[in-house]
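A structural walkthrough
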Amino acid sequence: MDGQLGNPGPVKLELLTDADAGELLTLQQAAYITEARAHQNFDLPPLLDTLDHVRAAIADPSITVWGFRDGGRLVASVRMRVDGRVCEIGRLVVAPDRQGEGLGTALLAAAEEATPAEVTVFRLFTGERSAGPLYLYRKLGYRETHRSPEAGYQLVHLEKPRMREPG
Ligand SMILES: CC(C)(COP(=O)(O)OP(=O)(O)OC[C@H]1O[C@@H](n2cnc3c(N)ncnc32)[C@H](O)[C@@H]1OP(=O)(O)O)[C@@H](O)C(=O)NCCC(=O)NCCS
């Protein structure tokens, strides 16, 4: 991935392992605070995750956890859970001081590309007040399918079919 992400620096795409769990938990908590404030909900699942939850996700064979490292530092991550033809995406996070450099877009696109060939649809959701994520997802081709009620706000569910190269 080095040097292929616009201008985010020498960033490397990696599969995260158990050894990354602590760093990932810290990154997740730092990133999701803005979402918690925007929705006045500090019990968002990514903020309630413990180290054991993160370890369990990394160990789950149906889940792939990707990360971007820059100079050894974990600066972004995303989870992809495959169930048959469906890939559910979650916990897309970029370190607060590295947001707005294209890392979130590049990581999600790279993770989609790396999903098994049998996946035909990608699904994710976010809070209705998550202007940044909603903009990013729509830009990458995700379209709203429905909304569901959460504590005092709505979750926006989006999906997109997998794009295949012709031929
Ligand atoms: C959402 C998140 C992953 C985006 O990562 P990022 O690396 O900052 O995003 P990018 O730099 O790739 O931005 C992509 C586009 O979205 C826009 N964008 C990103 N965050 C934005 C925000 N908060 N408000 C408005 N636009 C925003 C960027 O301007 C950019 O637009 P452009 O491509 O037209 O220039 C990151 O902000 C984050 O970690 N947020 C907290 C956790 C979170 O909300 N995760 C998703 C929950 S479902």
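This report concerns the structure included in the present document. Here the structure is a predicted model, which is why all the values come from computation and not from measurement.

**Examining the site of the ligand**
Within the structure, the ligand sits among 21 residues, and Leu92, Gly102, Thr105, Tyr135 and Lys139 are positioned closest to it. Note that an oxygen atom of the ligand is positioned 3.3 Å from one of the side-chain N or O atoms of glutamine 99. Within the backbone of glycine 100, an N or O atom sits 2.8 Å from an oxygen atom of the ligand. For the ligand, whose unbound accessible area comes to 910 Å², protein coverage reaches 72%. Cavity membership is defined here by more than half of the atoms lying within 2 Å of grid points; on that basis the ligand lies in the largest pocket.

**A short note on the environment of histidine 39**
Considering the arrangement of structural elements, one finds histidine 39 in helix α1 (residues 21-39). What makes histidine 39 buried here is its relative accessible area of 4%. Placed 19 residues apart in sequence, histidine 39 and isoleucine 58 show a C-alpha to C-alpha distance of 27 Å. A polar side-chain atom of histidine 39 sits 3.5 Å from the main-chain amide nitrogen of glutamate 128.

**Structural notes on the pairing of strand β3 (residues 73-83)**
Of the strand pairs in this sheet, strand β2 (residues 63-70) and β3 are connected by eight bridges, and their pairing is antiparallel. If you follow phenylalanine 68 over to β3, its bridge partner there is alanine 76. From the end of β2 to the start of β3, which pair antiparallel, there are two residues, and glycine 71 there has a positive phi angle of about 60 degrees. Where β3 folds back onto strand β4 (residues 86-94) in an antiparallel hairpin, the turn is made up of two residues, including glycine 84, whose phi is positive at roughly 65 degrees.

**Some remarks on helix α5 (residues 131-139)**
Those residues of α5 not exposed but buried are Leu134, Leu136 and Tyr137. Mapping the buried residues of α5 onto a view down its axis gives an arc of 165 degrees, with all of them on the same face. Summarising the geometry of α5, the exposed residues directed more than 90 degrees from the buried face are Ala131, Tyr135 and Lys139. Where the residues of α5 are buried, they touch β4, α4 (103-113), β5 (121-127) and β7 (153-161).

Conventions adopted
- Residues numbered from 1 in each chain as written.
- Predicted model: local features only at pLDDT ≥ 70, side-chain atom pairs only at ≥ 80, totals over all residues.
- Heavy atoms only, no water.
- Near = heavy atom within 4 Å.
- Polar contact = N/O pair within 3.5 Å; in protein donor to acceptor, adjacent residues only side chain to side chain.
- Areas by Shrake-Rupley, 256 points an atom, 1.4 Å probe, with all protein chains shown as cover.
- 1 Å grid on protein atoms, 1.4 Å probe; cavity = no way out; pocket = protein on both sides within 12 Å on 5 of 7 lines; lining within 4 Å.
- Sits in = over half its atoms within 2 Å of the grid points.
- Helix = DSSP H or I, 4+ residues; strand = E, 2+ residues; numbered from the N terminus.
- Buried < 20%, exposed > 50% of the residue type's maximum accessible area, 1.4 Å probe, protein only.
- Pairing = 2+ DSSP bridges.
- Arc of directions from axis to C-beta.
- Contact = heavy atoms within 4.5 Å.

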